[in-house]
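Okay, here's what each chain looks like letter by letter:
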Amino acid sequence: MATNSKHPETLVLHAGYRSDPTTTAVAVPIYQTTSFQFRDTQHAANLFGLAELGNIYTRIMNPTNDVLEQRIAALEGGVAALSLGSGQAASLFAVQNICHAGDNFVASTDLYGGTWNLFANTMKSMGIECRFVDPADPENFRRATDAKTRCYYAETLPNPKLTVFPIGEVARIGRELGVPLIMDNTAAPILCRPLDHGAAIVMHSTTKYIGGHGTSIGGIIVDGGNFDWEKHADRFPMLNTPDPSYHGAVWTQAVKPMGPVAYIIKARVTLLRDVGAPMSPFNAFMFIQGLETLPLRMRVHCENAAAVAKHLSGHAKIAKVIHPTVMTGEAKKRAETYLSRGMGALLGFELKGGADAGRKFIDSLKMFYHVANIGDARSLAIHPASTTHSQLSAEEQAKTGVTPGYVRLSIGLEHIDDILADLDQALAAA
Ligand code: PLP
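Residues numbered from 1 in each chain as written. Predicted model: local features only at pLDDT ≥ 70, side-chain atom pairs only at ≥ 80, totals over all residues. Heavy atoms only, no water.

**Considering the domain arrangement of the chain**
Here the domain parsing of the chain yields domain 1 (8-289) and domain 2 (295-429). Inter-centroid distance (C-alpha atoms) of domain 1 to domain 2 is 29 Å. Listed per partner, the contact involves 32 residues of domain 1 and 37 residues of domain 2. Both sides of the domain 1 and domain 2 interface together cover about 2,900 Å² of buried area, and 60% of this is carbon and sulfur. Taken as a group, Pro160, Leu191 and Tyr209 account for 28% of the area that domain 1 buries against domain 2, more than any other trio of residues on that side. At the boundary of domain 1 with domain 2, the tally comes to one salt bridge. Inspection of the domain 1/domain 2 interface yields 14 residue pairs in polar contact (both at pLDDT 80 or more). Looking at the side of domain 1 that touches domain 2, the elements with two or more residues in it are helix 1 (8-14) and helix 7 (167-177). (Domains from an automatic or database assignment. Contact = heavy atoms within 4.5 Å. Buried area = accessible area lost by both parts, 1.4 Å probe. Salt bridge = Lys/Arg side-chain N within 4 Å of Asp/Glu carboxyl O. Polar contact = N/O pair within 3.5 Å; in protein donor to acceptor, adjacent residues only side chain to side chain. Helix = DSSP H or I, 4+ residues; strand = E, 2+ residues; numbered from the N terminus.)

This is how it looks when you write it as structure tokens:
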């Protein structure tokens, strides 16, 4: 069935799978196997030589993961995807696939702390330089670009500031200069399709909304198939010159018959082969279950969060509510441009009482969970100044948008009356 033109609600149920070819099972089976029997030596040689695509070993691909990959690729409007063991692995692979030691890439300063650490420290130790720029002015990306710049990287809806990234503006600059934009769309699946706005690659931590139930860690990279790696051959030697790790394959040529998938095939058959970090088939199955209700859940997540933002605005103990529905000016414009199907369910607020009030608020919550996570069906809360951001100086905290009284909420799917009641009683104690 040609499913790519269908609506998200349909794609999450049908893209990439009809029924199991051997048993006709309708639910996607968990292929919990390490390896796959070759038909004969020619079949094995074809698979290893990429003359034929197929299953060899679950570190590199697996039929359960394949359905998840096809489904998320369809949902994001891309051509193919690669599932990985975590969102962190997906962020690393997305960049490392085209960045060699001595190269650089430009990233937004508004990033998840784990991604920041990966880019600023671990990748630096690999000889890859990340140049962080303020996304308030998209031209900052152009200014930081030179001949060794291999990609741009940003989050659609970065917390804690929750100011939507100027996807189209930065993608346009990148396309002028031959630099692809990689978007972390973890906080806005369904709500935004970065590829429609010119991004070349999308990644998700599937751990969050896609899983949706707080059970499994995973990540995925989607190749938009919309970036001309050959046209910018000088910028992408890793895709346009012989790869010694794969008997001299030139990726843009070697996989041409399969479509515009050079980037994602290379990530699978070199990085995933060498580094590991596959998603387990069981977790792929869990994410397939999550995906089936993702459009429904995102709708309720967003409705609940918008109601919380409205309820908290003007509260006597709150200095400021941070959610796209209550933003003004440029931030409002960006949210309206890029979050076409809902304004997201992450929400922050600043307590007038500072750090003490923040702690008291969290300790008084009865229904919200106090966890370092987002995107669960349950409502979650955290006080970043005393937890996730406690290693940063007050000045560094302020730069990331965290003030002493800042509280971050991930609004869940409980009844809105119960969500508001828990917030109200905790605010009364703060
Ligand atoms: N990207 C974003 C926006 C995140 O919030 C997270 C985790 O919190 C990650 C990436 C990393 O994902 P994972 O925890 O699955 O490795």
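**Describing the pairing of strand 4 (residues 149-155)**
Within strand 4, seven of the seven residues are buried, which leaves it mostly tucked inside the rest of the structure. As judged from the three bridges shared by strand 2 (residues 104-108) and strand 4, these two strands associate in the parallel manner. Note on strand 4: the bridge partner recorded for Val106 is Tyr152. Note: strand 4 against strand 5 (residues 181-184), four bridges, orientation parallel. Bridge assignment links Glu155 to a residue of strand 5, and that residue is Asp184. (Buried < 20%, exposed > 50% of the residue type's maximum accessible area, 1.4 Å probe, protein only. Pairing = 2+ DSSP bridges.)

**Some points on the site of the ligand**
Near the ligand lie 13 residues; those nearest to it are Gly87, Gln88, Asp184, Ser205 and Thr207. Between an oxygen atom of the ligand and a main-chain N or O atom of Gln88, the distance comes to 2.9 Å. One of the side-chain nitrogen or oxygen atoms of Thr207 is found 2.6 Å away from an oxygen atom of the ligand. Look at the ligand: alone it shows 390 Å² of surface, and the protein chains cover 90% of it. Tallied by class, residues from the shell around the ligand come to three nonpolar, seven polar and three charged. (Near = heavy atom within 4 Å. Areas by Shrake-Rupley, 256 points an atom, 1.4 Å probe, with all protein chains shown as cover. Nonpolar A, V, L, I, M, F, W, Y, C, P; charged D, E, K, R; others polar.)

**Digging into helix 2 (residues 41-48)**
All buried positions along helix 2 are accounted for by His43, Ala44 and Leu47. Down the axis of helix 2, the buried side of the element spans an arc of 100°, and every buried residue falls inside it. Away from the buried face of helix 2 by more than 90 degrees, exposed residues Thr41 and Gln42 are located. At the N-terminal end of helix 2, a side-chain oxygen is found 3.2 Å from the backbone nitrogen of Gln42, two or three residues along, and the residue is Asp40. Downstream of helix 2 by a residue or two, Leu50 has a phi angle that is positive, lying close to 65°. (Arc of directions from axis to C-beta.)

**A word on the packing of aromatic side chains**
One pass over the full model with this rule turns up twelve aromatic pairs. Arranged with centres 4.0 Å apart and planes meeting at 15°, the rings of Trp116 and Phe132 form a pair that is stacked. Highlighted residues: Trp116 in helix 5 (residues 113-125) and Phe132 in strand 3 (residues 129-133), separated in sequence by 16 residues. For Trp116, a relative accessible area of 34% corresponds to the partly exposed category. Arranged with centres 5.2 Å apart and planes meeting at 65°, the rings of Phe141 and Tyr152 form a pair that is edge-to-face. Here Phe141, found in helix 6 (residues 139-143), pairs with Tyr152, found in strand 4; they are eleven residues apart in sequence, far enough to count as distant. Each member of the pair, Phe141 as well as Tyr152, carries the same accessibility label: buried. Members of the aromatic cluster, each reached through a chain of ring pairs, are Phe227, Trp229, Phe236 and Tyr263. (Phe/Tyr/Trp six-rings, centres within 6.5 Å; stacked < 30°, edge-to-face > 60°.)

**Topic: the nonpolar core**
Membership of the largest hydrophobic core comes to 84 residues, with the highest contact counts inside it found for Leu68, Leu181, Val308, Phe349, Phe361 and Leu409. Take this core: its biggest share by element is seven residues, from helix 12 (residues 294-312). Looking at which domains feed residues into this core, each of domain 1 (8-289) and domain 2 (295-429) gives three or more. Excluding anything up to four places from it in sequence, Phe349 contacts Leu312, Ile318, Lys320, Val321, Phe361, Gly405, Tyr406, Val407, Leu409 and Leu427. With 44 residues, the next largest nonpolar core counts Ala89, Val95, Ile221 and Phe227 among its residues. (Core = buried A, V, L, I, M, F, W, Y, C linked by side-chain atoms within 4.5 Å.)

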